[in-house]
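Letter by letter, the chains look like this.
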Amino acid sequence: MSARFARVRAFAKINLSLKVLYKRPDNYHELRTVFQTVGLHDTIGIEYENSRRTELLLEGGGDVPDNLILRAARSFLDSARTTARIRFRLQKRIPMGGGLGGGSSDAAAVLLALPVLSGKPFKELALAAATLGSDVPFFLHGGTALGVSRGEEVYPLPEPPRSPVLIVTPSVHVSTPEAYRSLGRCLTSPDFSNRINIFQSFVWRESSVSATENDFEGAVFGQYPELRRWLRRLEASGARPARMSGSGSSLFGIYSSRDELRRALPLFPQEKLRVFSTTLVSRRAYRAAWWRSLQEHIDGLTWPPRSRYLR
Ligand code: C5P
């Protein structure tokens, strides 16, 4: 077999809503969140070649020693009981550690692409994703989805309109474990409040979208007041909802039209923060992007994508 090549997109996510209920015996926190993919993406070039010895190369991954792309590749090769020479070229656009799930999405992209390029099925796909990180399983689906448990249990929700979204990332690094710790006693008690029901019935209506929340905002804004100022600015420019994503530092605002977003842009100067003007990506559009980038290697339009090299 000669080398097979694909260039895939790893889309970012925002949390339309994020409620942290309580700390569990395993030290993770029990969550209710609404995940949403957006058009901002990393690009990963993947070259796959059979080889007797496994050799993994990553270009453009920075100096992260335990990169999730390489861990995802190893978990696939172990599960498929195979060896290969794989070269990854990562073009990073999603800010790292900004609450946009960039590393998790890169990992999920590798988990989706390698079975297709190798022609070997990935039987433990969902389990491998959850082992790599709480946000990784969501990226096996994309679109709008409810995340429960530590976020790894994912249920599809009704598709969003293709609304324009503005994402701004101030150059502040928020540590996720610290953000969880700082929630401390502000957590909802284990006997769930009624407000949590909104997550079961999340629909794209003004009433539910404006009722979104993010439990990290209080603690994180207390530590970094500038984040609250940027959020207020998104709200003042007409974004509904405007929220922080994950544990920050990215903030997003959804607009009712591209014109409205365009008018808001001058309020967010690129010298002060990273600014991404994009749209929400539905599950349908997410799958279509995957089918397009793997088209020469897949057999039909199935989900997850099925390899044409399966034997
Ligand atoms: O699962 P992941 O490796 O992405 O989680 C990173 C860290 O975030 C965990 O080590 C934990 O401190 C915290 N976390 C949590 N509860 C969750 C998800 C993450 O406490 N549901």
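All values derive from a computational prediction rather than experimental measurement.

> Looking at this structure, how should I read the pairing of strand β2 (residues 29–50)?
Within a regular strand, the side chains alternate between the two sheet faces. Buried residues dominate β2, accounting for 19 of its 22 residues. Pairing geometry for strand β1 (residues 4–23) and β2, over 18 bridges, is antiparallel. Directly across from Asn15, in β2, lies its bridge partner Phe35. Counted between consecutive antiparallel strands, the loop separating β1 from β2 contains five residues, among which Asn27 sits at a positive phi close to 75°. Across six bridges, β2 lies against strand β5 (residues 144–149) in antiparallel orientation. Bridge pairing links Leu31 to Ser149 in β5. Here β2 runs beside strand β10 (residues 273–281); their pairing, made up of two bridges, is antiparallel.

> Quick question: what am I supposed to make of the layout of surface pockets here?
Leftover empty space is mapped by rolling, across the atoms, a probe with the size of a water molecule. Each pocket or cavity is described by its volume, and for the second largest pocket that value is around 320 Å³. Lining the second largest pocket are 17 residues, and of these Gly39, Arg162, Thr278, Thr279 and Val281 sit closest to its centre. Listed by contribution, the elements that provide at least two residues to the lining of the second largest pocket are β1, α9 (258–264), β10 and α10 (283–293). Counting residues per element, the lining of the second largest pocket draws most heavily on β10, which supplies five residues. Its residues assigned to classes, the lining of the second largest pocket comprises eight nonpolar, four polar and five charged.

> Please clarify how the packing of helix α7 (residues 216–223) against helix α8 (residues 225–236) should be interpreted in this entry.
At a minimum axis distance of 5 Å, the contact between α7 and α8 shows a crossing angle of 120°. In this view, α7 runs oblique relative to α8, as classed from their interaxial angle. From α7, Glu217, Val220, Phe221, Gly222 and Gln223 reach across to α8, where they touch Pro225, Leu227, Arg228 and Leu231. Here the residues of the contact of α7 with α8 are counted per class, giving five nonpolar, two polar and two charged.

> I would appreciate a short explanation of the pattern of salt bridges in the present structure.
One side chain can pair with another of opposite charge once the charged atoms of both are near each other. For the coordinates displayed, the defined rule picks out 15 salt bridges. With a closest N to O distance of 3.0 Å, Lys92 and Asp106 form a salt bridge. Of this pair, Lys92 sits in the loop between β4 (84–91) and α2 (102–118) while Asp106 is found in helix α2, placing the two residues 14 residues apart along the sequence. Relative accessible area serves as the criterion here: at 26%, Lys92 is assigned to the partly exposed category. Between Glu235 and Arg232 there is a salt bridge whose closest N-O contact spans 3.2 Å. Taken as a pair, Glu235 and Arg232 lie in helix α8 at a separation of three residues, close to a single helical turn. Residue class for Glu235 comes out partly exposed when judged on its relative accessible area of 26%. Salt bridges linked by common partners bring Arg24, Asp26, Glu30 and Arg32 together as one network.

> Is there a simple way to think about the site of the ligand in this case?
In the region of the ligand, the neighbouring residues are Asn27, Tyr28, His29, Leu31, Gly133, Ser134, Arg150, Thr176, Pro177 and Tyr180. Contacts to the ligand include His29, whose side-chain N or O atom sits 2.7 Å from an oxygen atom. The contact in question runs from a nitrogen atom of the ligand to an N or O atom on the backbone of Arg150, over 3.0 Å. For the ligand, whose accessible area on its own is 450 Å², the fraction buried by protein is 71%.

Cut-off values and rules
Residues numbered from 1 in each chain as written. Predicted model: local features only at pLDDT ≥ 70, side-chain atom pairs only at ≥ 80, totals over all residues. Heavy atoms only, no water. Buried < 20%, exposed > 50% of the residue type's maximum accessible area, 1.4 Å probe, protein only. Helix = DSSP H or I, 4+ residues; strand = E, 2+ residues; numbered from the N terminus. Pairing = 2+ DSSP bridges. 1 Å grid on protein atoms, 1.4 Å probe; cavity = no way out; pocket = protein on both sides within 12 Å on 5 of 7 lines; lining within 4 Å. Points joined across faces, edges and corners; volume = space filled by probe spheres on them. Nonpolar A, V, L, I, M, F, W, Y, C, P; charged D, E, K, R; others polar. Axes fitted to C-alpha atoms, helices over the stretch in contact; angles between N-to-C directions. Parallel < 35°, antiparallel > 145°, perpendicular 65-115°, else oblique. Contact = heavy atoms within 4.5 Å. Salt bridge = Lys/Arg side-chain N within 4 Å of Asp/Glu carboxyl O. Near = heavy atom within 4 Å. Polar contact = N/O pair within 3.5 Å; in protein donor to acceptor, adjacent residues only side chain to side chain. Areas by Shrake-Rupley, 256 points an atom, 1.4 Å probe, with all protein chains shown as cover.

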